[in-house]
Amino acid sequence: VQLQASGGGLVQPGGSLRLSCAASGSIFRINYMDWYRQAPGKQRELVARSTNGGSTNYADSVKGRFTISRDNAKNTVYLQMNSLKPEDTAVYLCSMLITTTTTTLDYWGQGTLVTVSS
């Protein structure tokens, strides 16, 4: 199983970006689909989660600005980020709890850099 993230870049404060993360391989079921971020010198934090049951959770710092969504047919999770702030600058990583025919594991994408700066 592999996860491929894309969509990062440089954006001005107040702007928007949309991140994508697609999983491929022998996937039986995807449980959680998560977006994390890690800024320089800071701990990795969970930004948003989408569960298989359809619920979503957000970090307080992004509520009302970020939206997580998923396309189960494409094994893909998205993160729509609006009203971006400089403090949103970080490497964003996707993670999925995936069940294959033999096991259930957390898989991680390679990370995509988001820079919010004027």
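Not measured: the values here are computed from a predicted model. (Residues numbered from 1 in each chain as written. Predicted model: local features only at pLDDT ≥ 70, side-chain atom pairs only at ≥ 80, totals over all residues. Heavy atoms only, no water.)

## Topic: the overall build of the chain
Which entries qualify depends on this criterion: Counting from the N terminus, the helices are DSSP H or I runs at least four residues long and the strands are E runs at least two residues long. Radius of gyration: C-alpha atoms only; globule rule: 2.2 Å multiplied by the number of residues to the exponent 0.38. Three labels apply to residues, based on accessible area from a 1.4 Å probe with only protein chains included: buried if under 20% of the type maximum, exposed if over 50%, partly exposed otherwise in between. When checking whether two residues touch, look at their non-hydrogen atoms; a contact exists if any pair is within 4.5 Å. Charged residues are defined here as Lys and Arg on the positive side and Asp and Glu on the negative side; His and the ends of the chain fall outside this count. For the purpose of locating charges, the reference atoms are NZ of Lys, CZ of Arg, CG of Asp and CD of Glu.
A tally of helices and strands in the chain yields 0 helices and 11 strands. Counted from the first residue to the last, the chain has its helices and strands arranged as β-β-β-β-β-β-β-β-β-β-β. Scaling as 2.2 N^0.38, a compact globule of 118 residues should have a C-alpha radius of gyration of about 13 Å, and the chain matches this with 14 Å. With the C-alpha coordinates aligned to their principal axes, the bounding extent of the chain is approximately 45 × 25 × 25 Å. Within the span of the chain, comprising 118 residues, buried residues form 42% of the whole. Taking all contacts inside the chain whose residues are at least 6 apart in sequence as the whole, residues at least 24 apart take part in 53%. When the 11 basic and 7 acidic side-chain charges of the chain are each reduced to a single mean position, those positions are 3 Å apart.

## A word on the sheet that holds strand S7 (residues 66-71)
To be explicit about the condition: Paired strands are those between which DSSP finds at least two bridges. Every axis in this analysis is a line fitted to C-alpha atoms, fitted for helices over the stretch in contact. Angles between the N-to-C directions lie between 0 and 180 degrees.
As summarised here, the arrangement of the 4 strands in space is S1-S3-S8-S7, forming an open sheet in which the pairing is antiparallel. In this open sheet, the two edge strands, each paired with only one partner strand, are strand S1 (2-6) and S7. Taking each pair of neighbouring strands and ignoring which way they run, the sheet shows an average axis angle of 15°.

## Let's talk about the environment of Tyr92
Here is the rule: Counting of polar contacts relies on pairs of N or O atoms within 3.5 Å, with two restrictions inside protein: one atom must be capable of donating a hydrogen and the other of accepting it, and residues adjacent in sequence are counted only when both atoms are side-chain atoms.
Relative to the helices and strands, Tyr92 resides in strand S9 (residues 90-99). Separated by 53 residues in sequence, Tyr92 and Ala39 have C-alpha atoms that sit 8.8 Å apart. Ignoring sequence-local partners within four residues, the contact set of Tyr92 consists of Leu19, Trp35, Tyr36, Arg37, Val47, Phe66, Leu79, Met81, Gly111, Thr112 and Val114. At 2.6 Å, the side chain of Tyr92 and the backbone oxygen of Asp88 are in polar contact.

## Quick look at the pairing of strand S3 (residues 17-24)
It is a general feature of regular strands that their side chains alternate between the two faces of the sheet. As judged from the 5 bridges shared by S1 and S3, these two strands associate in the antiparallel manner. Pairing of Ala5 across the sheet is with Cys21, part of S3. With 6 bridges connecting them, S3 and strand S8 (residues 76-81) associate as antiparallel partners. Looking at the pairing, Cys21 lines up with Val77 of S8.

## Remarks on the pattern of salt bridges
Just so we agree on the cut-off: Whenever a carboxyl oxygen of Asp or Glu lies within 4 Å of a side-chain nitrogen of Lys or Arg, that contact is scored as a salt bridge.
In this structure the tally under the stated criterion is 5 salt bridges. Taking the shortest distance from any N to any O, the salt bridge between Asp88 and Arg65 comes out at 2.7 Å. One end of the pair, Asp88, is in the loop between S8 and S9; the other, Arg65, is in the loop between strand S6 (56-58) and S7, and 23 residues separate them in sequence. Of the residues examined, Asp88 reaches a relative accessible area of 0% and is grouped as buried.

Coordinates in, geometry out; function isn't part of it.
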